[in-house]
Amino acid sequence: MKRTSFQAEISKRDTKCNTCKESIDRGVIRIKIHLMDHYDYYHLKCYTPKIKQYISKKDLGITLDPENAKILDEWLDNWNKDYAPLDKAFHEPPTFSKLVESTPSKYRRAWLEIFKFLDAVELFKIYSHVNKEFYHISWDEELWHFYCVRDYTNAALDDEKKNYRTQYIILRMESCFWCHAHQSQEKFNRCPLIGKPICEKCKKLKRFEQMYKSEVEAVYGINTNLLQLKFGIGTWNRKIVYRYMVDEALVIFRKRNKEFLLEEMKKTNLDPALIDFVENIDITTMDKSWSETLESSEDPVHELFYNYIRDKKSEKRVLNKLKSIK
Ligand SMILES: [Zn+2]
Ligand SMILES: [Zn+2]
């Protein structure tokens, strides 16, 4: 993923600022934007980045004299204050303390064994609010030690300091969200698209393959406006998503199409076998077009309904077909 849509450099000759139209003096920091056939320049103070996300100094790849470095740092601090850092796990390590007085449950052991099956984050985000008994358990050292070992197998725990709840949360903030591998602060990388830490190894997995908007349309043969996709910005400011996001969005999209179709079908006197056919369409395996599916039948209505669920194609024909049966 591209981190910035601009470059910062020291002005080597007088150029004009694209915002205030005044000249940019030699020797000061200027922002340079590569457009198709020319560059646009800006004073640092006149420039607002297009991509609303954290900017790490190392992505700008600029070495500066102390005076200019201070100017750039101030500008970056001001811009970054609203965003989660992409190059470090957090600003300040979190601290937590109990807000409510509570006493141990007499069923502590039983609850503990049950909570061991659950998600650690759900424990403190949801279950701890249920009642005082659960709130008390949500601070149980034994339980948090268990979660640390279960979820971050190779993590080095500080057994002197205890406070495994805080240790767990720090581990979560520092580790790859997908494989749970711990990332050192030097190598820390947060994905701007999903806002979560991700390691170098996972970035190479097929599910995290980056796809341009146009590529999604070509590969999946679907109008991306129909899918609720959250695009990020890639090279040349083109819209990108991860492959897994497309796959997940497609399942949701097809599930909705199928439900709508079934609802409409049930209002008609359709042949129950046709309803059966639609009910049995597995929306998670619709990569293949109708003609490529193994169990493809000759029935044009089957094809029409299949394609409607898969791509929302021929919506009018589908609705007309249903109307004709009513
Ligand atoms: Zn200016
Ligand atoms: Zn990973």
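Cut-offs used in this document
Starting from 1, residues in each chain are numbered consecutively following that chain's sequence as written. For naming, the first written chain is A and the first written ligand is 1, with later ones following in the order written. Owing to the predicted nature of the model, reporting of local features is limited to residues with pLDDT of at least 70; listing and counting of side-chain atom pairs is limited to 80 or more, with chain, interface and lining totals taken over all residues. Being paired, for any two strands, means DSSP has found at least two bridges between them. In DSSP terms, a helix is any run of H or I states spanning at least four residues, a strand is any run of E spanning at least two, and both are numbered starting from the N terminus. With axes taken as lines fitted to C-alpha atoms, and helix axes fitted only over the stretch in contact, angles between N-to-C directions fall between 0 and 180 degrees. Any residue with 12 or fewer other C-beta atoms within 10 Å of its own C-beta is exposed, any with 20 or more is buried, and the rest are partly exposed; the C-beta atoms used are placed from the backbone. Once C-beta atoms are placed from the backbone, any two residues with those atoms within 7 Å are in contact. Angles are sorted into four bins: roughly parallel if under 35 degrees, roughly antiparallel if over 145, roughly perpendicular if 65 to 115, and oblique for all others. In this count, Pro and Cys sit with the nonpolar residues alongside Ala, Val, Leu, Ile, Met, Phe, Trp and Tyr, while Asp, Glu, Lys and Arg are called charged and the others, Gly among them, polar. Segment limits for the domains were obtained from an automatic or database-derived domain assignment.

The protein has the name PARP-type domain-containing protein in an unreviewed UniProt entry, where Blepharisma stoltei is given as its organism.

### A few points about the sheet that holds strand 4 (residues 29-34)
The strand order across the open sheet formed by three strands is 1-4-5, and the pairing between neighbours is antiparallel. Two strands lie at the open edges of the sheet, namely strand 1 (7-10) and strand 5 (39-43), each paired on one side alone. Strand-to-strand twist in this sheet, taken as the mean axis angle between neighbours without regard to direction, amounts to 35°. Of the pairings in the sheet, the one linking strand 1 to strand 4 comprises four bridges and is antiparallel in character. The partner of Ala 8 across the bridge, within strand 4, is Ile 31.

### Thoughts on the environment of Val 216
Looking at the element boundaries, Val 216 is found in helix 9 (residues 213-220). Classification of Val 216 as buried rests on a count of 24 C-beta atoms within 10 Å. Along the primary structure Val 216 and Tyr 242 are separated by 26 residues, whereas in three dimensions their C-alpha atoms are 9.9 Å apart.

### Focus on the sheet that holds strand 8 (residues 239-242)
The antiparallel open sheet is built from three strands, whose spatial order is 6-8-7. Lying at the two open borders of the sheet, with one neighbouring strand each, are strand 6 (210-212) and strand 7 (232-233). Relative to strand 8, strand 7 runs antiparallel, the two being bridged by two bridges. The residue of strand 8 that forms the bridge with Gly 232 is Ile 240. Set on the sheet, helix 9 makes contact with strand 6 and strand 8; between it and strand 6 the angle comes to about 90°. Most of the contacts of helix 10 (residues 243-266) go to strand 8, to which it runs at about 75°, and overall it touches strand 6 and strand 8.

### A short note on the packing of helix 10 against helix 12 (residues 300-311)
Remark: helix 10 packs on helix 12, axes separated minimally by 7 Å, with the N-to-C direction vectors making an angle of 140°. Taken together, the axis directions place helix 10 and helix 12 in an arrangement best described as oblique. Along its contact with helix 10, which presents Arg 254, Asn 257, Lys 258 and Leu 261, the element helix 12 presents Phe 305, Tyr 308, Ile 309 and Arg 310. Across the contact of helix 10 with helix 12, the residue classes tally to four nonpolar, one polar and three charged.

### Remarks on the domain arrangement of the protein
Annotation of the protein at the domain level lists domain 1 (7-80), domain 2 (84-204), domain 3 (206-242) and domain 4 (247-325). Distance between the C-alpha centres of domain 1 and domain 4: 53 Å.

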